[in-house]
Amino acid sequence: MDYFVSMEMEFGVDACGHVSSLLGTGSPSTEGWLFHVHVTLSIALSNGLSGFLYYEDLVSCVTRAEAEAVSVLVKEAVWAFLPDAFVTMTGGFRRGKKMGHDVDFLITSPGSTEDEEQLLQKVMNLWEKKGLVLYYDLVESTFEKLRLPSRKVDALDHFQKCFLIFKLPRQRLDSDQPSWQEGKTWKAIRVDLVMCPYERRAFALLGWTGSRQFERDLRRYATHERKMILDNHALYDKTKRIFLKAETEEEIFAHLGLDYIEPWERNA
Ligand code: TTP
């Protein structure tokens, strides 16, 4: 909790309380979660917590209909620049949840890497022009092909990503949503866009589908039962000293000697 204490001293706000209400879930002891908290808190603080404009929207959950409406706009924007890209909604919505705190997307493309590197910035520029983004934080990739997977079950990944607050226009929804205030024409929604190299897509998809507890258990199983290391980028066999390739999640489960577990069965 030291992190929150220092944030409270720095900003004079109930950091833990505000962040818990924005995120809803997670264990404050984990590195990955703390990074997510940091981003969320930065978003909140940069907009002024006291009169925080989007606070009401962000504490109300995202419905599946809202997530699907965001998905249509994400795909439209991504395909405008990279028509062969694969865009997959991950996180809780891929696990079949009806509500979430944010909407996560994994983007990958078999095409050229140069176009990929520029994609998220191009999407942000387009959305800024269209007035569809309220805030964004673009994190550059620190991915290295030969790096061994992390032994920490909660380690951060090294993909390029964009944490943003999306401005979803009401007309993009077919039906009225219970969380929308009367007369409001848009809703602020937390969105994460993650860009991964094409050959890592199965590992990234598995990692970003969650749940966090499921991922921790799977990584501990890989380490203790199979002498392998699994993270969002790769699976490494310590006995054979080789990286095990996978094009699908099914192949990762097979490498681990496990039957395939469907995303909706990963809500541990
Ligand atoms: P979240 O979107 O934080 O969580 P969620 O979709 O399961 O639940 P909710 O929206 O209802 O709070 O993360 C989705 C998965 O992505 C989670 O299992 C952990 C993983 N993840 C990473 O691998 N790296 C990251 O930096 C973050 C933020 C999440």
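Since this is a predicted model, take the numbers as computed values, not measurements. (Residues numbered from 1 in each chain as written. Predicted model: local features only at pLDDT ≥ 70, side-chain atom pairs only at ≥ 80, totals over all residues. Heavy atoms only, no water.)

**Re the overall build of the protein chain**
Line of reasoning, step 1. Secondary structure summary: the protein chain contains 10 helices and 10 strands in total.
Line of reasoning, step 2. Expressed as a percentage of its 268 residues, the buried residues of the protein chain come to 47%.
Line of reasoning, step 3. Nonlocal contacts in the protein chain, meaning residues at least 24 apart in sequence, comprise 69% of its contacts between residues at least 6 apart.
Line of reasoning, step 4. Counting only carbon and sulfur atoms, one obtains 52% of the accessible surface of the protein chain, whose full area is about 13200 Å². (Helix = DSSP H or I, 4+ residues; strand = E, 2+ residues; numbered from the N terminus. Buried < 20%, exposed > 50% of the residue type's maximum accessible area, 1.4 Å probe, protein only. Contact = heavy atoms within 4.5 Å. Areas by Shrake-Rupley, 256 points an atom, 1.4 Å probe, with all protein chains shown as cover.)

**Describing the sheet that holds strand 2 (residues 86–89)**
Line of reasoning, step 1. Across the sheet, which stays open at both edges, the five strands sit in the order 2-4-7-6-5 with mixed pairing between neighbours. Either end of the sheet is taken by a strand with one partner, and the two such strands are strand 2 and strand 5 (133–139). Averaged over all adjacent pairs, the angle separating strand axes in this sheet is 20°, with direction ignored.
Line of reasoning, step 2. Those strands touched by helix 7 (residues 113–130) are strand 4 (103–108), strand 5, strand 6 (160–169) and strand 7 (186–195), and its axis lies near 20° from that of strand 6.
Line of reasoning, step 3. Sheet contacts for helix 8 (residues 201–209): strand 2, strand 4, strand 6 and strand 7; angle to strand 4, the most-contacted strand, approximately 175°. (Pairing = 2+ DSSP bridges. Axes fitted to C-alpha atoms, helices over the stretch in contact; angles between N-to-C directions.)

**Side note on the UniProt feature "binding site: Mg(2+)" (unreviewed entry) in the protein chain**
Line of reasoning, step 1. Per the UniProt record, "binding site: Mg(2+)" (unreviewed entry) is annotated on Asp-102, Asp-104 and Asp-192. Look at the named residues: they lie 91 residues apart in sequence, but the longest C-alpha span between them is just 7.4 Å, so in the fold they bunch up.
Line of reasoning, step 2. With respect to the secondary-structure elements, Asp-102 resides in the loop between strand 3 (99–100) and strand 4.
Line of reasoning, step 3. The buried category is assigned to Asp-102, whose relative accessible area is 15%.
Line of reasoning, step 4. Its location among the elements puts Asp-104 in strand 4.
Line of reasoning, step 5. Judged by relative accessible area, Asp-104 falls into the buried class, the value being 8%. (UniProt positions renumbered as here; feature names shortened; annotations may be inferred.)

**Quick look at the side chain of His-233**
Line of reasoning, step 1. Relative to the helices and strands, His-233 resides in the loop between strand 8 (228–230) and strand 9 (235–237).
Line of reasoning, step 2. For His-233, a relative accessible area of 7% corresponds to the buried category.
Line of reasoning, step 3. Setting aside chain neighbours within four positions, we find His-233 in contact with Phe-143, Asp-157, His-158, Phe-159, Arg-200 and Phe-203.

**Structural notes on the site of the ligand**
Line of reasoning, step 1. Residues in contact with the ligand amount to 17 residues; listed here are only the nearest, Gly-92, Asp-104, Gly-210, Arg-212 and Asn-232.
Line of reasoning, step 2. Within the side chain of Arg-95, a nitrogen or oxygen atom sits 2.9 Å from an oxygen atom of the ligand.
Line of reasoning, step 3. In the environment of the ligand, an oxygen atom lies 2.5 Å from a nitrogen or oxygen atom belonging to the side chain of Asp-104.
Line of reasoning, step 4. Protein coverage of the free-state accessible area of the ligand, which is 600 Å², stands at 91%. (Near = heavy atom within 4 Å. Polar contact = N/O pair within 3.5 Å; in protein donor to acceptor, adjacent residues only side chain to side chain.)

**Digging into the packing of aromatic side chains**
Line of reasoning, step 1. For the coordinates displayed, the defined rule picks out four aromatic pairs.
Line of reasoning, step 2. With a centroid separation of 4.8 Å and 70° between ring planes, the pair formed by Trp-127 and Phe-166 is classed as edge-to-face. Of this pair, Trp-127 sits in helix 7 while Phe-166 is found in strand 6, placing the two residues 39 residues apart along the sequence. Comparing Trp-127 with Phe-166 shows no difference in burial state: the two are buried.
Line of reasoning, step 3. Each ring, one from Tyr-236 and one from Phe-243, has its centre 5.1 Å from the other, and the planes form 65°; the classification is edge-to-face. (Phe/Tyr/Trp six-rings, centres within 6.5 Å; stacked < 30°, edge-to-face > 60°.)

**Quick notes on empty space enclosed by the protein**
Line of reasoning, step 1. For the structure on display, the rule yields four cavities of 30 Å³ or more.
Line of reasoning, step 2. Of the volumes computed, that of the largest cavity is approximately 50 Å³.
Line of reasoning, step 3. Phe-143, Glu-144, Lys-145, Arg-147, Leu-148, Pro-149, Ser-150, His-158, Arg-200, Asp-231 and His-233 are the residues that line the largest cavity.
Line of reasoning, step 4. For the lining of the largest cavity, a count of residues per class yields three nonpolar, three polar and five charged.
Line of reasoning, step 5. Size it by volume and the second largest cavity reaches roughly 40 Å³.
Line of reasoning, step 6. What lines the second largest cavity is a set of 10 residues, among which Asp-57, Leu-58, Val-62, His-101 and Arg-190 lie closest to the centre. (1 Å grid on protein atoms, 1.4 Å probe; cavity = no way out; pocket = protein on both sides within 12 Å on 5 of 7 lines; lining within 4 Å. Points joined across faces, edges and corners; volume = space filled by probe spheres on them. Nonpolar A, V, L, I, M, F, W, Y, C, P; charged D, E, K, R; others polar.)

**Here we look at the side chain of Ser-71**
Line of reasoning, step 1. With respect to the secondary-structure elements, Ser-71 resides in helix 5 (residues 64–81).
Line of reasoning, step 2. Those residues within four positions of Ser-71 in sequence are excluded, and the remaining contacts are Met-89 and Phe-105.

**Notes on the layout of surface pockets**
Line of reasoning, step 1. Considered as a void within the structure, the second largest pocket measures approximately 330 Å³ in volume.
Line of reasoning, step 2. Forming the boundary of the second largest pocket are 17 residues, of which Thr-113, Glu-116, Glu-117, Ser-141 and Pro-197 lie nearest the centre.
Line of reasoning, step 3. Of all the elements, helix 7 adds the most residues to the lining of the second largest pocket, at three residues.
Line of reasoning, step 4. In terms of residue class, the lining of the second largest pocket is made up of seven nonpolar, five polar and five charged.

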